[in-house]
Amino acid sequence: MAGFFKKLFNKVTNKAEIDWDELEADLIGADLGARTTMAIVDDLREMGRKISADDVISVCKQHIAGILPEDLPAFTPRADGSPTVILVVGVNGTGKTTSSAKLAWLLKNQGYSVSLAAADTFRAAAVEQLCVWADRLGVPVIKGAPNADPASVCYTAHQKAINDGTQFLICDTAGRIHTRHNLMQELEKIERTIGKQDEHAPHHRLLVVDATTGGNALAQAREFNKAIPLDGLIVTKLDGSGKGGIAVVIQQELKIPTRFIGLGEEASQFKAFNKQEFVEGIF
Ligand code: GDP
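The following refers to the structure shown. (Residues numbered from 1 in each chain as written. Predicted model: local features only at pLDDT ≥ 70, side-chain atom pairs only at ≥ 80, totals over all residues. Heavy atoms only, no water.)

## Focus on the overall build of the chain
A count of helices and strands for the chain gives 11 helices and 8 strands. Taking 19 Å as the expected radius of gyration for a compact globule of 283 residues, we find that the chain reaches 20 Å, a close match to that expectation. Along the three orthogonal principal directions, the C-alpha set of the chain runs to about 65 × 40 × 30 Å. Buried residues in the chain amount to 54% of all 283 residues. Of the contacts made within the chain by residues no fewer than 6 positions apart, 76% connect residues no fewer than 24 positions apart. Here the chain displays about 12200 Å² of accessible surface, and carbon together with sulfur accounts for 49% of that area. (Helix = DSSP H or I, 4+ residues; strand = E, 2+ residues; numbered from the N terminus. Rg over C-alpha atoms; globule rule 2.2 N^0.38 Å. Buried < 20%, exposed > 50% of the residue type's maximum accessible area, 1.4 Å probe, protein only. Contact = heavy atoms within 4.5 Å. Areas by Shrake-Rupley, 256 points an atom, 1.4 Å probe, with all protein chains shown as cover.)

This is the structure:
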């Protein structure tokens, strides 16, 4: 992600006259979406054809900073001692299991007690993968048998977290996109089941999106948000070819803020979203 926009703008502006079509295509290619792209191009057009890379950067920064909200407060445990339940949802392959483990690690390092629920029971490998992570990070994990009901795994894990006084429970859910209808129904069922032990739970519903998939991530956010009201994104793979624009477009279109970002495969390569760092990072 680093410097992506800067490279892009140098290419566009290192010409005698700016090619507006090319600039527009590049902004779309950076996953900023049509609306923001048009607004940026309109502002630049008003400045004339002799604009520099710095002009483009400053107009883009202005627009992006205007769309992204101020940083949200960090997750803190509930005052009544009951667990904060965090559902982690997303399509397979986006980095959902890895991000669940990384989030557990981040909270653990902040001094909180954390447990994990391996509720992606349709994929034995996902349960296994989360258990390997949990073992490595020293975080307790509740797992279901292969093909067990994901809602019941979450329920059991929630009950245990309540009994143990665990401050955060992170539930890694299933993500089979090819049976989307079932998946959404399943998520709604998990919601209802978790709500049985605490009417306010789940307290957070985080969608994992892969920054390298561009516009697909927006479609996924739209779909998941219909089934369960998302309150945050985890944007993964920003260390790769992901350009970061997806965080901007999902905020703009769906008002879902990015809460965490993934920057590699290691547990430590994950952090809370910071607006200023993000905006500086992409330029
Ligand atoms: P899931 O199917 O959504 O649960 O995805 P996984 O957690 O299994 O992740 C899929 C692949 O993406 C794995 O190889 C992860 O190591 C990798 N991955 C996850 N997050 C990141 C990230 O932020 N950066 C990079 N480079 N790879 C990631």
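The structure having been displayed, the exposition proceeds.
## Side note on the site of the ligand
Lining the immediate surroundings of the ligand are 18 residues, of which Gly93, Lys96, Thr98, Asp239 and Glu265 lie closest. One of the backbone nitrogen or oxygen atoms of Thr94 is found 3.2 Å away from an oxygen atom of the ligand. Contact with the protein chains removes 81% of the 580 Å² of surface that the ligand exposes when unbound. The leading source of residues in the shell around the ligand is helix H5 (residues 96–109), at 4 residues. Across the shell around the ligand, the residue classes break down as 2 nonpolar, 10 polar and 6 charged. (Near = heavy atom within 4 Å. Polar contact = N/O pair within 3.5 Å; in protein donor to acceptor, adjacent residues only side chain to side chain. Nonpolar A, V, L, I, M, F, W, Y, C, P; charged D, E, K, R; others polar.)

## Points about the packing of aromatic side chains
Throughout the structure, instances matching the rule amount to 4 aromatic pairs. Ring geometry for Tyr112 versus Phe168: centroids 5.3 Å apart, planes at 55°, classification tilted. Here the residue Tyr112 occupies a position in the loop between H5 and strand E2 (114–118), and Phe168 occupies one in strand E4 (residues 168–172), the gap between them amounting to 56 residues. Their ring planes at 50° and their centres at 5.1 Å tell us that Phe273 and Phe278 sit as a pair that is tilted. Like Phe273, the residue Phe278 is buried in the burial classification. Connected via pairs of aromatic rings, a cluster forms that spans Phe75, Phe260 and Phe270. In this structure, Arg136 is placed above the aromatic ring of Trp133, and the distance from its NZ or CZ to the ring centre is 4.6 Å. (Phe/Tyr/Trp six-rings, centres within 6.5 Å; stacked < 30°, edge-to-face > 60°. Lys NZ or Arg CZ within 6 Å of the ring centre and 35° of its normal.)

Remember, this is a structural readout, not a statement about activity or role.
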